[in-house]
Amino acid sequence: MPGSGPADSALPGAGPATGPGERATVRLRDDGPEEPPRYAPEWLELREPADAEARAHDLLDPLRIRLANLPGKGGLVIHDLGCGTGSMGRWLAPRLDGAQHWVLHDRDPYLLHFAAVGSPRSGADGSRVSVETRRGDVARLTADALRGASLVTASALLDVLTREEIETFADACAGAGCPALLTLSVAGRVEFGPSDPMDEEIAEAFNAHQRRDGLLGPDAVTVACEIFSERGATVRVDPSPWRLGPDEAALAAQWLRGWVGAAVEERPELKARAERYLRERLAACAAGELRVTVHHSDLLALSRPTGGAS
């Protein structure tokens, strides 16, 4: 991470995004460096248990009903966008019945290797799970690209998209009649125990950072609901907060560095006070005295079935 400041020691992926409109695992635009810094597998491994605990389990029943009613008997085809090390597959595949073929999309071949090696081998009923990997950009999806897909999944993606990019994504899902399960989008709210007078100031600066260059940041889920609904999808949103306490101190510390780092990148005038704030928060974290709730939202969009949703 360039420069000096509170996010210097954050693992890649925990801190500010590598560039406007990019996650390290998902290329959203053609401009920018050819190979931006990748997410550290250590960061993805660190957050995976919290992600698994946070994801909205109540969205699974309507998803299962939709998938059970798909035509054909060839099994499920699931596209996982920006798969990283494959945590979504490890969480979801064992919760779905029937044979599954996962298409793992990521721009980083290093992470794709981890995802393929660590993928589950069977579904909830013991049916076979197979995987393939695809390296490349995934934002410009079309209905043709999703032809035959049963489901599209992604985590922590919506908040780095613009309205136009979500419209393109929703058009592709609607055209293919393909549902989408989009988890762990930032909601723009963080709660600490104990609280600190700077909590709200840092949160506001972080949210402003998330909205840079037309990105939707914490507004993404609301906008995505409108866009998918306009295209005839049935949409449901459930909360999926991280609840971090002493047992998640390592994750909380990395998240804090990234959260404060993004705030300072957005508002450099905060730097001196933010560094003091971060030191005190990290000390409380190390002492087991800090609890933090990081609010996210999960979205399930059930597009109207078409002949392409087999």
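Residues numbered from 1 in each chain as written. Predicted model: local features only at pLDDT ≥ 70, side-chain atom pairs only at ≥ 80, totals over all residues. Heavy atoms only, no water.

## Remarks on the pattern of salt bridges
Turning to step 1, where the next piece is worked out: This structure, assessed with the given rule, holds 16 salt bridges.
Turning to step 2, where the next piece is worked out: Across the pair Asp 51 and Arg 47 runs a salt bridge whose closest N-O atoms are separated by 2.8 Å. Here the residue Asp 51 and the residue Arg 47 both occupy positions in helix α1 (residues 41-54), the gap between them amounting to 4 residues, near one helical turn. There is no split in this pair, since Asp 51 and Arg 47 are both buried. (Salt bridge = Lys/Arg side-chain N within 4 Å of Asp/Glu carboxyl O. Helix = DSSP H or I, 4+ residues; strand = E, 2+ residues; numbered from the N terminus. Buried < 20%, exposed > 50% of the residue type's maximum accessible area, 1.4 Å probe, protein only.)

## Some words on the packing of α1 against helix α8 (residues 249-266)
Turning to step 1, where the next piece is worked out: Contact geometry of α1 with α8 gives a least axis separation of 10 Å together with a crossing angle of 120°. What the angle tells us is that α1 and α8 run oblique. The two elements α1 and α8 meet at a crossing, and its hand is left-handed. Seen from α1, the contacting residues are Trp 43, Leu 46, Arg 47 and Ala 50; seen from α8, they are Ala 250, Leu 251, Gln 254 and Trp 255.
Turning to step 2, where the next piece is worked out: In the contact of α1 with α8, the residues fall into 6 nonpolar, 1 polar and 1 charged. (Axes fitted to C-alpha atoms, helices over the stretch in contact; angles between N-to-C directions. Parallel < 35°, antiparallel > 145°, perpendicular 65-115°, else oblique. Left-handed = near helix turned anticlockwise from the far one by under 90°. Contact = heavy atoms within 4.5 Å. Nonpolar A, V, L, I, M, F, W, Y, C, P; charged D, E, K, R; others polar.)

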